[in-house]
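Residue-level structural notes
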Amino acid sequence: MTAMQKIEDIYNNRGSRARSLRDEGQKIIGYFCCFVPDEIITALDLVPYRIQGSPTEPIDEADALLEPMACPFARSCFNMALKDEYDFLDGFVAPHSCDTIERLYHIWHTNKPSPFNHLINVPHMLGPSSDEFYKNELLYFTRQLEEFAGRKLDLERLKEAIRLYNRRRALLRELYGLRKENPPRVTGAEITKILVAGMDIPATEHIELITGLIAEIKERPAAASDGLPRIFLWGNEIDDSSFIELVEECGAHVVMDDLCTGSRFFWQDVDETEDPFDGLVRRYLDIHCPRTLKPQAGAREEDLENRFGYIRRFIEDWEAAGAIFYIVRYCDTCELEGPDLKEYLNGLNLPVLMIEDDYSTSTMGQLRTRIQAFLEMIM
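One structure accompanies this document, and this report is about it. For clarity, every value in this text was computed on a predicted model and none was experimentally measured. (Residues numbered from 1 in each chain as written. Predicted model: local features only at pLDDT ≥ 70, side-chain atom pairs only at ≥ 80, totals over all residues. Heavy atoms only, no water.)

Here the structure, examined in full by the defined rule, presents 23 aromatic pairs. Taking 5.1 Å as the distance between ring centres and 80° as the angle between the ring planes, the aromatic pair formed by Tyr-49 and Phe-88 counts as edge-to-face. Placement of the pair is Tyr-49 in strand β2 (residues 47-50) and Phe-88 in the loop between α4 (72-82) and β3 (91-95), with a sequence separation of 39 residues. The residues Tyr-49 and Phe-88 share a single accessibility class, namely buried. (Phe/Tyr/Trp six-rings, centres within 6.5 Å; stacked < 30°, edge-to-face > 60°. Helix = DSSP H or I, 4+ residues; strand = E, 2+ residues; numbered from the N terminus. Buried < 20%, exposed > 50% of the residue type's maximum accessible area, 1.4 Å probe, protein only.)

Right under this line is the structure:
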């Protein structure tokens, strides 16, 4: 079986590996979003599992406990929990990444509690006190997790875990680097599948898969330039390949992204500091997420550059000809950030298509015409 076939199997059978590990006696800690350090969970010999929704299934139970105008991704995840599709989780951890996730934590905890439940309060404003506050939150999280695991955290084990996840980050950046080719030898849909598969399995197994996939991709013959537009994708949750497959079927290459299920969760390494918590704090607070507010820098133009300059570098390095924003409906953070980012990208003469969607594969047909018209415009 090739690496890509193994990835497809994990992607199509989500949770199966975590269930088998639990059957072997390991404890699985489910969590939301990018702000929960996998390193701490792994260093305590627990298995981190990033919770995902299901855009192919209707939300048929969660709306009895959640308002329907809440984020459909969050509602989908909770719907799966109510239907016991997350019964293999020994722990449930949520950061205050946004107000919806913070409120969902309490509703989830009340209705479908796990043996271990914890909320990490992540500062929204970056300033002199943010590092200290978040470090204390991570230390408290660690103490609670130690009590649940029945063992103390060894700082050397934590440093080893940091090196392990930095290795995974480096390989994922190498994989993304292969998309700079024109045309890229790896599709955006394939990238989505390897990322989503990695949310289901231990980092050591994910590293093996990425390594195998990179080797396979390098063996693929280089194709002649096809002149198709290269697209940068921005937004929040895309844990299903359907939307990216749609963009590529319409005649484009999705070559780079800034998604919380994409480059956002792995792009930066954790610095190896004497106190490993210092490196974790700095790295996780530096995640470029719309929920985090940087201090304003100068006038409007200077402030936009300060907030979005990293995206300009992505666009330049991956030679994107246009950007598509894929925003899950009712996501206040992305809805508020999107207009400013669009203004910034338009200032770089980059066309932008903004899409608000319901986190459902049933809407793909409706989006096809809009995407085709946008791609024709930038050809």
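That shown, we press on.
Locating Ala-323 in the fold gives a position in strand β7 (residues 322-328). Residue classification places Ala-323 among the buried positions, given a relative accessible area of 0%. Excluding residues within four positions of it along the chain, Ala-323 makes contact with Phe-232, Leu-345, Leu-350, Pro-351, Val-352, Leu-353 and Phe-374. (Contact = heavy atoms within 4.5 Å.)

Looking now at the nonpolar core. If you look at the biggest cluster of nonpolar residues, it comprises 79 residues, and the most contacted ones within it are Tyr-134, Leu-145, Leu-175, Phe-232, Leu-280, Ile-311 and Leu-345. In terms of residues, this core owes the most to one element, helix α7 (residues 155-177), which gives 7 residues. Residues within four places of Leu-280 in sequence aside, it is in contact with Pro-37, Glu-39, Ile-40, Tyr-134, Leu-138, Leu-158, Ile-162 and Val-270. By size, the runner-up hydrophobic cluster in this structure holds 50 residues, among which are Cys-33, Met-80, Leu-82 and Leu-375. (Core = buried A, V, L, I, M, F, W, Y, C linked by side-chain atoms within 4.5 Å.)

Let us look at the pattern of salt bridges. Close approach of charged atoms lets side chains of opposite charge pair. Summed over all chains, the structure comprises 36 salt bridges. We note a salt bridge from Lys-135 to Asp-275, for which the minimum N-O separation is 2.9 Å. Of this pair, Lys-135 sits in helix α6 (residues 130-149) while Asp-275 is found in the loop between β6 (253-258) and α11 (276-285), placing the two residues 140 residues apart along the sequence. Relative accessible area serves as the criterion here: at 25%, Asp-275 is assigned to the partly exposed category. Glu-272 is paired through a salt bridge with Arg-163; the nearest N and O atoms lie 3.6 Å apart. Placement of the pair is Glu-272 in the loop between β6 and α11 and Arg-163 in helix α7, with a sequence separation of 109 residues. Owing to a relative accessible area of 56%, Glu-272 belongs among the exposed residues under this scheme. Members of the salt-bridge network, linked through shared partners, are Arg-300, Asp-303, Arg-307, Glu-337, Asp-340 and Glu-343. (Salt bridge = Lys/Arg side-chain N within 4 Å of Asp/Glu carboxyl O.)

Now for helix α5 (residues 99-111). The end-to-end C-alpha distance of α5 is 19 Å, a good match for the 18 Å that 13 residues give at a rise of 1.5 Å each. Those residues of α5 not exposed but buried are Ile-101, Glu-102, Leu-104, Tyr-105 and Trp-108. Seen along its axis, α5 keeps its buried residues to an arc of 160°; they face one direction. Every exposed residue of α5 that faces more than 90 degrees away from the buried side is listed here: Arg-103 and Thr-110. Where α5 is buried, its residues contact α4, β3 and β4 (116-120). (Expected span 1.5 Å × (residues − 1). Arc of directions from axis to C-beta.)

A separate point is the pairing of strand β5 (residues 230-235). Most of β5 is tucked away, with 6 of its 6 residues classed as buried. Residues Arg-230, Phe-232 and Trp-234 line one face of β5 and the alternating positions Ile-231, Leu-233 and Gly-235 line the opposite face, and both faces are buried. With helix α10 (residues 242-249) bridging β5 and the parallel β6, this β-α-β connection has right-handed handedness. (Right-handed = clockwise from strand over helix to strand, strands pointing away.)

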